[in-house]
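A look at the structure
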Amino acid sequence: MAENTGAGSTAVEQVETPAGTARVTWHRAPRPRLLLALGHGAGGGIDARDLVALAAALPAHGVSVALVEQPWRVAGRKVAPAPRTLDTGWRGLWPALAAEGPPVVAGGRSAGARVACRTATELGAAAVLALSFPLHPPGRPEKSRADELLGAGVPTLVVQGGNDPFGRPAEFPEGDHRLVEVPAADHGFAVPKRSATTPGRVLEIITEAVVTWTGSLH
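Residues numbered from 1 in each chain as written. Predicted model: local features only at pLDDT ≥ 70, side-chain atom pairs only at ≥ 80, totals over all residues. Heavy atoms only, no water.

1. Brief notes about the pairing of strand 5 (residues 63-69)
Filter applied, for reference: Burial classes follow relative accessibility: with a 1.4 Å probe on protein chains only, a residue under 20% of its type's maximum area counts as buried, one over 50% as exposed, and anything between as partly exposed. Only DSSP runs of H or I reaching four residues or more are called helices, and only runs of E reaching two or more are called strands; each is numbered from the N terminus. Any two strands with at least two DSSP bridges between them are considered paired. The definition of a right-handed crossover adopted here requires that, viewed with the strands pointing away, the path from the first strand over the helix to the second runs clockwise.
Counted residue by residue, strand 5 has seven buried out of seven residues, so it is predominantly covered. Of the two faces of strand 5, the one lined by Val 63, Val 65, Leu 67 and Glu 69 and the one lined by Ser 64, Ala 66 and Val 68 are each fully buried. Sheet topology places strand 4 (residues 34-39) next to strand 5; six bridges connect them, and they run parallel. Within the sheet, the bridge partner assigned to Gly 39 lies in strand 5 and is Val 68. Handedness of the strand 4-helix 1 (residues 49-57)-strand 5 crossover: right-handed.

Below you can see the structure in the form of C-alpha cells.
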C-alpha cells in the first residue's frame, strides 16, 4: 500500500514492506528512459551530498531518480539492522519502483550499494550504481566484501574516493565493472582543504560519471 504526496516532478511515497514502512522521494524526468533507485548508507540518509547531486542532475538527462529511505530510518532508529533485513526492505519496495515503467538501475551509497549488488539479479535490475562501496571494514582488508560486488551479475559502475578507508580504488579486484576514482575523497566524498580537488569538483566528477554511464545503458 502506498500513499503519494507532492506534485510535479517531485513527490514522496510511503511504501509498506515486510521490514516496515519505507519512503521514496521521487525526482521524475519528463520523459524517463531509466529509473535510478538510490539507497542510503548505514550512517546517514538521503541527504548525502552525492545522492542529492544525482537527484538534481539526472532528470534532465532522461533518468528519474528515486531516493529510498529504508524502514529503520523512517522509524527514527539510529542503528541499521542486519544486511538480510536491509535486503528485505529493498525487495519489498521494488514493485513500486518497477511500476514506474522504465528499466530500474539499482544503486546506493555504502551499505545501500551492498544491498543493490546483493539483490540485483533476483530483482531484475538493469544495472547497479555503487557509490563508496565498502569493500572491507577500515583497517580490515581481510574481511573483503568483493564477492558481493563481483556477484551483481549486471553492468556495474563503482564511484570510489581515492582515500576511502573502506576500500581505495587500487584495492578493488578486477571484474566486470567500471570504476571511477574521485581523487583524495574519503568514504563520504569529502576532500581535505589542501586538496587540488574542490568539494564542487567532487560532485561534478560523480554526476558526470553517472550521466555518461547511464547514457551508455540500453
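Having seen it, we continue.
2. Section: the environment of Gly 45
Just so we agree on the cut-off: Pairs of residues are marked as contacts when any of their non-hydrogen atoms sit within 4.5 Å.
Locating Gly 45 in the fold gives a position in the loop between strand 4 and helix 1. For Gly 45 and Arg 73, which are 28 residues apart along the polypeptide, the C-alpha to C-alpha distance reads 7.4 Å. Those residues in contact with Gly 45 that sit more than four places away from it in its chain are His 40, Leu 51 and Arg 73.

3. Describing the side chain of Asp 87
The topology assignment puts Asp 87 in helix 3 (residues 83-98). Assessed through its relative accessible area of 7%, Asp 87 is described here as buried. Not counting chain neighbours up to four residues away, the residues in contact with Asp 87 comprise Val 115, Arg 118 and Thr 119.

4. A look at the packing of aromatic side chains
Threshold: Aromatic contacts are taken between Phe, Tyr and Trp rings whose centres are within 6.5 Å, Trp giving its six-membered ring; a plane angle under 30 degrees counts as stacked, one over 60 as edge-to-face, and the others as tilted.
Per the stated rule, a full pass over the model turns up two aromatic pairs. Arranged with centres 6.3 Å apart and planes meeting at 50°, the rings of Trp 90 and Trp 94 form a pair that is tilted. Within this pair, Trp 90 and its partner Trp 94 are both found in helix 3, separated by four residues, close to a single helical turn. Judged on exposure class, the residue Trp 90 and its partner Trp 94 are both buried.

5. What to know about unusual backbone geometry
Here the phi dihedral of Ser 110 falls at roughly 55°; this positive angle occurs in a residue that is not glycine. Mapped onto the elements of the fold, Ser 110 is located in the loop between strand 6 (104-109) and helix 4 (111-123). The backbone of Ala 184 sits at a positive phi, close to 70°, despite the residue not being glycine. Here Ala 184 is to be found in the loop between strand 9 (178-182) and helix 6 (199-216).

6. Some words on helix 6
Keep this limit in mind: The length a helix should cover is 1.5 Å for every residue beyond the first.
Between its first and last C-alpha atoms helix 6 spans 26 Å; for 18 residues at 1.5 Å apiece the expected length is 26 Å, and the two agree. If you check which residues of helix 6 are buried, you get Val 202, Ile 205, Ile 206, Thr 207, Ala 209, Val 210, Val 211, Trp 213 and Thr 214.

7. Re the confidence of the model for the protein
We apply this condition: Here pLDDT means the predictor's own confidence in every residue, given as a number from 0 to 100.
Scored by pLDDT, the protein comes out at a mean of 93, with 96% of its residues at no less than 70. Scored below 50 in pLDDT, residues 1-8 makes 13 contacts in the model with residues more than four places away or belonging to other chains.

8. Quick look at the nonpolar core
Worth spelling out the cut-off: We define the nonpolar core as a collection of buried residues of types Ala, Val, Leu, Ile, Met, Phe, Trp, Tyr and Cys that are connected through side-chain atoms lying within 4.5 Å of one another.
Trp 26, Trp 90, Trp 94, Leu 97, Ala 106, Val 128 and Phe 133 are the most contacted members of the largest nonpolar core, which totals 35 residues. Leu 97 has contacts with Trp 26, Leu 35, Ala 37, Ala 66 and Val 104, leaving out every residue within four places of it along the chain.

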